[in-house]
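Spelled out, the chains give:
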Amino acid sequence: MSQLKLKSENIKVFYKDFQALYDVNMDIEENRVTALIGPSGCGKSTFLRTINRLNELIEGTRTEGQIYLDERPIYEKDRDVVELRKKVGMVFQKPSVFPMSIYENVAYGPRIHGIKDRNRLSEIVERSLKAANLWNEISDRLNSPAARLSGGQQQRLVIARVLAVEPEVILMDEPASALDPISTSRLEDLIAELKKNYTIVIVTHNMQQAARISDYTGFFLNGQLVEFSCTDELFVNPRDKRTEDYITGRFG
Amino acid sequence: MLTNNTREKFIKAFFWLAGLIIVTILFIIIAYIAIKGVSAISLDFIFEAPRRAGKEGGIWTTIVSTVYLTLVSLIIAVPLGVGSAIHLEEYAPRRSWFANLVNLTAETLAGIPSIVFGLFGFVFFVIFLQMGWSIISGSLTMAIMILPTITRTAQEAILAVPAEYRENSLALGASKWQTISRVVLPSAVPGIITGIILSIGRAVGETAALILTAGSSLGMPEGLLDPARTMSVHLYILAMEGISMDRAFGTAFLIIGLIVIINYLANLSLRRMSYVNRQI
Ligand SMILES: Nc1ncnc2c1ncn2[C@@H]1O[C@H](COP(=O)(O)OP(=O)(O)O)[C@@H](O)[C@H]1O
Ligand SMILES: [Mg+2]
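Just so it is clear, the model here is predicted, and its values are computed rather than measured.

### Remarks on the site of ligand 1
Residues and elements named next belong to chain A.
Here is step 1 of the chain: In the neighbourhood of ligand 1, the contacting residues comprise Y15, F18, A20, P39, S40, G41, C42, G43, K44, S45, T46 and I58.
Here is step 2 of the chain: Backbone polar atom of C42 to an oxygen atom of ligand 1: 3.2 Å apart, as the coordinates give it.
Here is step 3 of the chain: G43 places a polar main-chain atom, nitrogen or oxygen, 3.1 Å from an oxygen atom of ligand 1.
Here is step 4 of the chain: Calculation on ligand 1 without its partners gives an accessible area of 560 Å², and the protein chains cover 63% of this total.
Here is step 5 of the chain: Where the shell around ligand 1 is concerned, the elements lending two or more residues are β2 (18-29) and α1 (44-51).
Here is step 6 of the chain: The greatest single-element share of the shell around ligand 1, amounting to three residues, is contributed by α1.

### Observations concerning the pairing of strand β7 (residues 169-173) of chain A
All names here are of chain A.
Here is step 1 of the chain: Burial analysis of β7 places five of its five residues in the buried class, which makes it a mostly covered element.
Here is step 2 of the chain: Across four bridges, the pairing between strand β6 (residues 88-91) and β7 is parallel. Following the sheet pairing, V88 is matched in β7 by V169.
Here is step 3 of the chain: Pairing of β7 with strand β8 (residues 199-203) involves five bridges; the strand directions are parallel. Across the sheet, residue L171 finds its bridge partner in β8, namely V201.

### Let's talk about the interface of chain A and chain B
Here is step 1 of the chain: Taken together, the contact pairs 29 residues of chain A with 22 residues of chain B.
Here is step 2 of the chain: It is P99(A), Y108(A) and I112(A) that lose the most area in chain A upon contact with chain B, and together they represent 26% of the buried surface on that side.
Here is step 3 of the chain: In this structure, E164(B) and K94(A) form a salt bridge, with 3.0 Å as the shortest nitrogen-oxygen distance.
Here is step 4 of the chain: Seen at the junction of chain A and chain B, the total is six residue pairs in polar contact (both at pLDDT 80 or more).
Here is step 5 of the chain: Going through the elements one at a time, α2 (81-87), β6, α3 (102-112) and α6 (151-163) of chain A are the ones with two or more residues in the side of chain A that touches chain B.
Here is step 6 of the chain: Here the side of chain A that touches chain B is composed, by residue class, of 17 nonpolar, five polar and seven charged.

### Concerning the packing of α3(A) against helix α8 (residues 176-205) of chain B
Here is step 1 of the chain: The geometry of α3(A) relative to α8(B) is characterised by a closest axis approach of 12 Å and an angle of 150° between their N-to-C directions. The angle between α3(A) and α8(B) falls in the class roughly antiparallel. Crossing geometry of α3(A) relative to α8(B) is assigned as right-handed. In contact with Y108(A), R111(A) and I112(A) of α3(A), α8(B) contributes Q178(B), T179(B), R182(B) and V183(B).
Here is step 2 of the chain: Class assignment for the residues of the contact of α3(A) with α8(B) results in three nonpolar, two polar and two charged.

### Looking at the side chain of K44(A)
Residue and element names in this part refer to chain A.
Here is step 1 of the chain: Inspection of the secondary structure puts K44 in helix α1.
Here is step 2 of the chain: The charged side chain of K44 is buried without a salt bridge, its nearest counter-charge being E174 at 4.6 Å.
Here is step 3 of the chain: In terms of polar contacts, K44 uses its side chain to reach the backbone carbonyl oxygen of G38, at 2.9 Å.
Here is step 4 of the chain: Here P39 takes part through its backbone oxygen, which lies 3.1 Å from a polar atom of the side chain of K44.

### Some words on the packing of aromatic side chains
Here is step 1 of the chain: One pass over the structure, following the stated rule, counts 13 aromatic pairs over all chains.
Here is step 2 of the chain: Ring plane angle 90° and centroid distance 6.1 Å describe the contact between F98(A) and Y165(B), whose orientation is recorded as edge-to-face. Of the two residues, F98(A) sits in the loop between β6 and α3 while Y165(B) sits in helix α7 (residues 163-171), which places them in two different chains.
Here is step 3 of the chain: Of the residues examined, Y165(B) reaches a relative accessible area of 8% and is grouped as buried.
Here is step 4 of the chain: Pairing Y216(A) with F228(A) gives two aromatic rings, centres 6.1 Å apart and planes at 15°, and the pair type is stacked. With Y216(A) in strand β9 (residues 216-221) and F228(A) in strand β10 (residues 224-230), this residue pair connects regions lying 12 residues apart in the sequence.
Here is step 5 of the chain: Classification of Y216(A) as buried rests on a relative accessible area of 17%.
Here is step 6 of the chain: Its guanidinium or amino end placed over the ring of F14(A), R62(A) lies 4.2 Å from that ring's centre, counting from NZ or CZ.

### Focus on helix α1 (residues 4-38) of chain B
Here is step 1 of the chain: For α1(B), with 35 residues, the first-to-last C-alpha span of 50 Å sits near the 51 Å given by 1.5 Å per residue.
Here is step 2 of the chain: Taken residue by residue, α1(B) has I33(B), A34(B) and G37(B) as its buried positions.

### A short note on a nonpolar patch on the surface
Here is step 1 of the chain: Residues W16(B), L17(B), L20(B), I21(B), I25(B), I29(B) and I30(B) make up a contiguous nonpolar surface patch of roughly 680 Å² in combined accessible area.
Here is step 2 of the chain: For L20(B), the position within the fold is in helix α1.

### Focus: the sheet that holds β2(A)
Residues and elements named next belong to chain A.
Here is step 1 of the chain: Spatial strand order, β2-β1-β4-β5: four strands in an open sheet with antiparallel pairing. This sheet does not close on itself; its edge strands, each paired only once, are β2 and β5 (72-73).
Here is step 2 of the chain: In terms of strand pairing, strand β1 (residues 4-15) meets strand β4 (residues 61-69) through eight bridges, oriented antiparallel. Following the sheet pairing, L6 is matched in β4 by L69.
Here is step 3 of the chain: Along the sheet face, α1 touches β1, β2 and β4 and points at about 120° away from the line of β1.

### Section: the pairing of β9(A)
Residues and elements named next belong to chain A.
Here is step 1 of the chain: The element β9 is extensively covered by neighbouring structure, given that six of its six residues are classed as buried.
Here is step 2 of the chain: Summarising the sheet, β9 and β10 pair through six bridges and their orientation is antiparallel. Its bridge partner being in β10, L221 is matched across the sheet by Q224.
Here is step 3 of the chain: Following β9, the chain reverses through two residues before pairing antiparallel with β10; N222 in that reversal takes a positive phi of roughly 45°.

### A closer look at the nonpolar core
Within soluble globular proteins, side chains that are nonpolar tend to cluster in buried spots.
Here is step 1 of the chain: Counting residues in each nonpolar core, the largest one holds 105 residues, and the members touching the most others are L129(A), L157(A), I159(A), I170(A), M172(A), L194(A) and I200(A).
Here is step 2 of the chain: Element by element, the count of residues in this core is highest for helix α6 (residues 135-159) of chain B, at 11 residues.
Here is step 3 of the chain: With near-sequence residues (within four places) excluded, L194(A) lies in contact with A131(A), I159(A), L163(A), I170(A), M172(A) and I200(A).
Here is step 4 of the chain: I11(A), L54(A), Y75(A) and F220(A) belong to the second-largest nonpolar core, a separate cluster that totals 28 residues.

Reading guide: rules and limits
- Residues numbered from 1 in each chain as written.
- Chains lettered and ligands numbered in written order.
- Predicted model: local features only at pLDDT ≥ 70, side-chain atom pairs only at ≥ 80, totals over all residues.
- Heavy atoms only, no water.
- Near = heavy atom within 4 Å.
- Polar contact = N/O pair within 3.5 Å; in protein donor to acceptor, adjacent residues only side chain to side chain.
- Areas by Shrake-Rupley, 256 points an atom, 1.4 Å probe, with all protein chains shown as cover.
- Helix = DSSP H or I, 4+ residues; strand = E, 2+ residues; numbered from the N terminus.
- Buried < 20%, exposed > 50% of the residue type's maximum accessible area, 1.4 Å probe, protein only.
- Pairing = 2+ DSSP bridges.
- Contact = heavy atoms within 4.5 Å.
- Buried area = accessible area lost by both parts, 1.4 Å probe.
- Salt bridge = Lys/Arg side-chain N within 4 Å of Asp/Glu carboxyl O.
- Nonpolar A, V, L, I, M, F, W, Y, C, P; charged D, E, K, R; others polar.
- Axes fitted to C-alpha atoms, helices over the stretch in contact; angles between N-to-C directions.
- Parallel < 35°, antiparallel > 145°, perpendicular 65-115°, else oblique.
- Left-handed = near helix turned anticlockwise from the far one by under 90°.
- Lys, Arg positive; Asp, Glu negative; His and termini not counted.
- Phe/Tyr/Trp six-rings, centres within 6.5 Å; stacked < 30°, edge-to-face > 60°.
- Lys NZ or Arg CZ within 6 Å of the ring centre and 35° of its normal.
- Expected span 1.5 Å × (residues − 1).
- Patch = residues over 30% accessible without salt bridge, like charges linked within 9 Å, V, L, I, M, F, W, Y side chains within 5 Å.
- Core = buried A, V, L, I, M, F, W, Y, C linked by side-chain atoms within 4.5 Å.

The following block contains the structure:
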């Protein structure tokens, strides 16, 4: 049994009048991959974005309940969101590199968190790109525009950019949905390596992918967490009829 | 009946013709000014101060005045315009009364003829604030005139920056201002520069409003409170008062030259600053 990293307690999210999540309770363990699956529109992204408080950027959003990161509540009046987002990095569905060089993209996070020393920045950039399995491909053109990279490389660059901030948790929202099969399998390898040092929560609508890469899986339906358990168990022995219907492809 | 294909061809030919006509007109105007103006132009014409109301000597003081006045206008208008664009696009809640008011004001200002601004500048800056006919009165008036253009183009440029950039930056722990200053604004720079180029064109070409606010003195302006005559004002007076048509054309030719140089420099900096953007 590994350490508890994140704990979600009765999380409810409202977009204006519309309730997108109903009392989600989930325990997320350290150095494990937790996958969130379910048909689109059922609240997976919304839940992911409660963990780094990104939902509050959308006007009219309200979150109730609590999430604990290392037993500290994150929905607290004087909780520093910057510090939270430093600890909880996020990789979005569409790789979105900034219109800067490869180097500047990775150095962006450390820079905004106050690191100015060139040598230290270069060190961080190199270490992060290596950790994201991108270094070997691009080490000779760090100063060329990041937008010139292929889609798969861009997604790994985005991951390197997140790693450069030295987070503890990495949230991934369908990170492979825009990638070709080869890039996807490289990404899955990378996730397997990253989990040694990070806690990963990943949304995917690809059930095979969830089964391959995750230790725990949560099944969402219509804003509810229907079932949450060990990945092997959930796919082999679903407790809930709706989970069974979903994983056997009867809907969704 | 025409077949679809021939009709398409006619339509295509029409648009091609429209393009050709525009190019021809522009070419004729520029060629005419060049032919008439080039005889007046010499190094002395460019670099000497005017004598005898411009009948003799060159136009150097008016070139300096033009650049001076345009620069001061931009120094005033760009921070204000870009600043209000940032407020409107990044901070103001959608459809807040203040955002609506700023938008409406910018739109209205854009539609007001320049002579009205000139009159206001004359009454307010020149007389009421006792700045007299001066670079500063002229620049403040010009700044108000170009503010809507700068605000609008900056707004559009900021709006065009993908929302994902902002989300990614914030998710990395950046503050709102860090996100705006390090990701949003650099991406918006090309659009902002377009607005600045348009504004420079307007400032360089303005006459009536500047006669009312900066005056028409031919002396070399040495400070913000000195009066000044820009090239366009000089051209107007040369032609209007029958001083010298050749010299009016010479001045016109140099105005075009100045605009070309400014646009070239702006484009150059645009390319520098956005080299990464344009790879996408
Ligand atoms: N910004 C928003 N404003 C209003 N409703 C939203 C917003 N984002 C998501 N929703 C709604 O919340 C529900 C859950 O969305 P989401 O979390 O994106 O689902 P998923 O990631 O599982 O596809 C959907 O019904 C969606 O329409
Ligand atoms: Mg989603």
